[in-house]
Amino acid sequence: MTVLNEKNRDRYFWLDIAKSIGIFLIVLSHLSISKYTADFLWTFHVPLFFFISGYLFKFNPDESFLNRLKSRLIVPYVSIYLINVLLVVFIKADFDVNTTLSMIFGMFWGTHSYPHFVNAALWFLPGLITVELIYFYLIRKLAWLYVPLLMVSVSFYALGYLNLFFSIDLALLGLNYYLAGVLVRKFKVIDRVTNNNAILLVLFIVTTISTLKFAEMGNVWYGGKFYLTSLTGGIVGIAMIVSLSLLLENYLKVFTWISFVSGNTLFIFCFHKFSN
């Protein structure tokens, strides 16, 4: 959920659009909607943010990477988690010390399988922290390590190992989408199609129809029957949102609120539970 700087704002406005659409759909998916609509959204809306994070990855020396990771993800995760704890304490008027400490400890578990994890949506942040560490220190240096990590991920999926410590199971699945983002930028895929509206329109139509078909199978994001189905559904759904964002880019630049929403996706993501 990286915030774009002003220098890249115009060049990557399609990313602002994609992030704004994505965060709206994430909020929508946590409301009372039909099962089919939920299955459609869960096919791609979380993978989209892993993809965007990978697309925005920039190489930095180890120390700079850790400093950036700390300021962009670790400190926000800790701060937001603790604020969530305070909100829950005051909203429920439950000032029991042991209950509060149990909620705080959930921050170190990093996923809602822990009974006192304060906000289920917050799993994404430790998941993304895990993905970035894996990519920077392992796959970026030794690409072949992706294969055993993929095998572990498939095994978790097949055996139904869900909501593991620090969301490692979801992180390994999200790693695929993160790498897709890295590769799309590396090979300048977006640059090749940006000004070709005919290709983008065809891509949007085909991927939309395909994503709707994936939704007929149920929620394929995680815990379904087939890992490849989940992975493919996510990639297709991401392509749908990216192609739509590129198609809309020139028409929506006058709407400054899109950049505002994009720049505040982390805040919306972490606190929409309370507005719900």
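Since the model is a prediction, treat every value here as computed from it, not as a measurement. (Residues numbered from 1 in each chain as written. Predicted model: local features only at pLDDT ≥ 70, side-chain atom pairs only at ≥ 80, totals over all residues. Heavy atoms only, no water.)

**Describing the pattern of salt bridges**
Phase 1: For the structure shown, the criterion picks out four salt bridges.
Phase 2: With a closest N to O distance of 2.8 Å, Lys-35 and Asp-39 form a salt bridge. Linking Lys-35 with Asp-39, this pair stays in helix α3 (residues 35-42), spanning four residues, or about one helical turn.
Phase 3: Among the residues examined, Asp-39 registers a relative accessible area of 8% and is labelled buried.
Phase 4: Among the salt bridges present, the one from Glu-216 reaches Lys-213, with a minimum N-O distance of 3.2 Å. (Salt bridge = Lys/Arg side-chain N within 4 Å of Asp/Glu carboxyl O. Helix = DSSP H or I, 4+ residues; strand = E, 2+ residues; numbered from the N terminus. Buried < 20%, exposed > 50% of the residue type's maximum accessible area, 1.4 Å probe, protein only.)

**Digging into the packing of aromatic side chains**
Phase 1: Under the criterion given, the structure shown has 28 aromatic pairs.
Phase 2: Consider the rings of Phe-105 and Phe-108, whose centres lie 6.4 Å apart with planes at 50°: the pair is tilted. With a gap of three residues between them, Phe-105 and Phe-108 both fall in helix α6 (residues 97-109), about one helical turn apart.
Phase 3: Classification of Phe-105 as partly exposed rests on a relative accessible area of 46%.
Phase 4: Measuring from centroid to centroid gives 4.9 Å for Phe-136 and Tyr-137, while their planes differ by 80°, and the two rings are edge-to-face.
Phase 5: Aromatic rings pair up to connect Phe-57, Phe-59, Phe-65, Tyr-135, Phe-136, Tyr-137 and Tyr-178 into one cluster.
Phase 6: Its guanidinium or amino end placed over the ring of Phe-136, Arg-140 lies 4.2 Å from that ring's centre, counting from NZ or CZ.
Phase 7: Lying across the ring of Tyr-55, Arg-185 places its NZ or CZ 5.7 Å from the centre. (Phe/Tyr/Trp six-rings, centres within 6.5 Å; stacked < 30°, edge-to-face > 60°. Lys NZ or Arg CZ within 6 Å of the ring centre and 35° of its normal.)

**Overview of the packing of helix α9 (residues 168-186) against helix α12 (residues 227-252)**
Phase 1: Contact geometry of α9 with α12 gives a least axis separation of 11 Å together with a crossing angle of 40°. Taken together, the axes of α9 and α12 lie oblique to each other. The way α9 lies across α12 gives a crossing that is right-handed. On α12, the residues touching Leu-172, Leu-173, Asn-176, Tyr-177 and Ala-180 of α9 are Tyr-227, Ser-230, Leu-231, Gly-234, Ile-235 and Ile-238.
Phase 2: The residue inventory of the contact of α9 with α12, partitioned by class, reads eight nonpolar, three polar and no charged. (Axes fitted to C-alpha atoms, helices over the stretch in contact; angles between N-to-C directions. Parallel < 35°, antiparallel > 145°, perpendicular 65-115°, else oblique. Left-handed = near helix turned anticlockwise from the far one by under 90°. Contact = heavy atoms within 4.5 Å. Nonpolar A, V, L, I, M, F, W, Y, C, P; charged D, E, K, R; others polar.)

**A short note on the nonpolar core**
Phase 1: In this structure, Phe-50, Phe-124 and Trp-221 are the most contacted members of the largest nonpolar core, which totals 85 residues.
Phase 2: With 11 residues, α9 is the largest single contributor of residues to this core.
Phase 3: With near-sequence residues (within four places) excluded, Phe-50 lies in contact with Trp-123, Phe-124, Gly-127, Leu-128, Val-131, Leu-170, Gly-174, Tyr-177, Tyr-178 and Trp-221. (Core = buried A, V, L, I, M, F, W, Y, C linked by side-chain atoms within 4.5 Å.)

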